[in-house]
Structures are given as C-alpha cells and as structure tokens.
Amino acid sequence: MDKKEILRRSQKENYIFDEFSHYVDKKACANAYLAILIYSGIAALVFFLQTHFTGKAYGDYRAFLFCFAITFGSRSFQHFRSHRKAKDILFVLIAFCIAIVTFISILNHEMEIL
C-alpha cells in the first residue's frame, strides 16, 4: 500500500469513530434531559405535598418546578425545531409561562421555606 491508501483508510476509520462518538454524545444528552426532567418533577411533587400536608418542607418545590419547566420547555423547543409540530410549540409556551410565574413567585417569597 502506498501512503495515500493508508491515509484514506485511516480517515475512513476515524470517520466511523467520529460518527459513533457523536451518537454516544447525543444519547447522553437525551438521557441527561430525561434524568433532570424526572428528578425535578418528582422533587417538586414531593416538596409540594410536604408543604401542603405538613406546612413545612425540606426544600422549596418552586425551585424544582422552575427547573422542570425550563427543562421541559427546552426539550419541547428542540422537538419543535426538528418536527415543526404545533403541539410542541404549545408545550414550549406553556412550560415557559409556568417558568416565568414560578420565577416571579420565587422572587416574591424570597425562597422562604414555610
């Protein structure tokens, strides 16, 4: 084999590795989105129920609700950019409205734990 043939094969092998690396990174980001979404949703629900039933909670559910809304809105926006479906932009608007209201609530209550 000559030098050009070796270089061509090396580039082809690196391209396959780069594609695999890109795929792994993409899956990792998708799994991270889901993990943050699930964790913040469960934490918001648990702290809300604690606050509702006992009057006191270990954390403020509004912070987790804010995180949930931002994450869900970002994920829906990415789906909208890819698929251009009306339901995705509706989810984006709802999620960001919830995020804004939650943020205002946090600022008004100064993150008090009841």
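Everything below is about the structure printed above this text.
First, a word on what this report is: a plain description of the structure on this page.

Cut-offs and rules
Residues numbered from 1 in each chain as written. Predicted model: local features only at pLDDT ≥ 70, side-chain atom pairs only at ≥ 80, totals over all residues. Heavy atoms only, no water. Helix = DSSP H or I, 4+ residues; strand = E, 2+ residues; numbered from the N terminus. Buried < 20%, exposed > 50% of the residue type's maximum accessible area, 1.4 Å probe, protein only. Contact = heavy atoms within 4.5 Å. Areas by Shrake-Rupley, 256 points an atom, 1.4 Å probe, with all protein chains shown as cover. Expected span 1.5 Å × (residues − 1). Axes fitted to C-alpha atoms, helices over the stretch in contact; angles between N-to-C directions. Parallel < 35°, antiparallel > 145°, perpendicular 65-115°, else oblique. Left-handed = near helix turned anticlockwise from the far one by under 90°. Nonpolar A, V, L, I, M, F, W, Y, C, P; charged D, E, K, R; others polar. Phe/Tyr/Trp six-rings, centres within 6.5 Å; stacked < 30°, edge-to-face > 60°.

**Thoughts on the overall build of the protein**
Turning to step 1, where the next piece is worked out: Summing up its helical and strand segments, the protein has 3 helices and 0 strands in all.
Turning to step 2, where the next piece is worked out: Each helix and strand of the protein, ordered N terminal to C terminal, gives the series α-α-α.
Turning to step 3, where the next piece is worked out: For the protein, buried positions account for 19% of its 114 residues.
Turning to step 4, where the next piece is worked out: Here the contacts in the protein between residues at least 6 apart in sequence split such that 60% fall between residues at least 24 apart.
Turning to step 5, where the next piece is worked out: Accessible surface computed for the protein: about 8900 Å², of which carbon and sulfur atoms make up 67%.

**Observations concerning helix α3 (residues 86-109)**
Turning to step 1, where the next piece is worked out: Helix length check: α3, at 24 residues, gives a terminal C-alpha distance of 35 Å against a target of 34 Å (1.5 Å per residue), a fit within 8%.
Turning to step 2, where the next piece is worked out: Residues of α3 that are buried include every one of Asp88, Val92, Ala95, Ala99, Thr102, Ser105 and Ile106, and no others.
Turning to step 3, where the next piece is worked out: Of the surrounding secondary structure, the elements contacted by the buried residues of α3 are α2 (61-83).

**Section: the packing of α2 against α3**
Turning to step 1, where the next piece is worked out: One can describe the packing of α2 onto α3 by two numbers: an axis separation of 8 Å at closest approach and a directional angle of 155°. Our classification of the angle between α2 and α3 gives roughly antiparallel. Between α2 and α3 lies a crossing of left-handed hand.
Turning to step 2, where the next piece is worked out: Taken together, the residues of the contact of α2 with α3 sort by class into 17 nonpolar, 7 polar and 2 charged.

**Some words on unusual backbone geometry**
Turning to step 1, where the next piece is worked out: Although it is not a glycine, Arg84 adopts a positive phi angle of roughly 55°.
Turning to step 2, where the next piece is worked out: Here Arg84 lies in the loop between α2 and α3.
Turning to step 3, where the next piece is worked out: The exposure class of Arg84 is exposed, given its relative accessible area of 58%.

**Let's talk about the packing of aromatic side chains**
Turning to step 1, where the next piece is worked out: Scanning the entire structure with this criterion turns up 6 aromatic pairs.
Turning to step 2, where the next piece is worked out: Each ring, one from Phe47 and one from Phe64, has its centre 5.4 Å from the other, and the planes form 40°; the classification is tilted. Residue Phe47 is found in helix α1 (residues 3-54), and its partner Phe64 is found in helix α2; the two are separated by 17 residues along the sequence.
Turning to step 3, where the next piece is worked out: Accessibility expressed as a relative area gives 15% for Phe47, which makes it buried.

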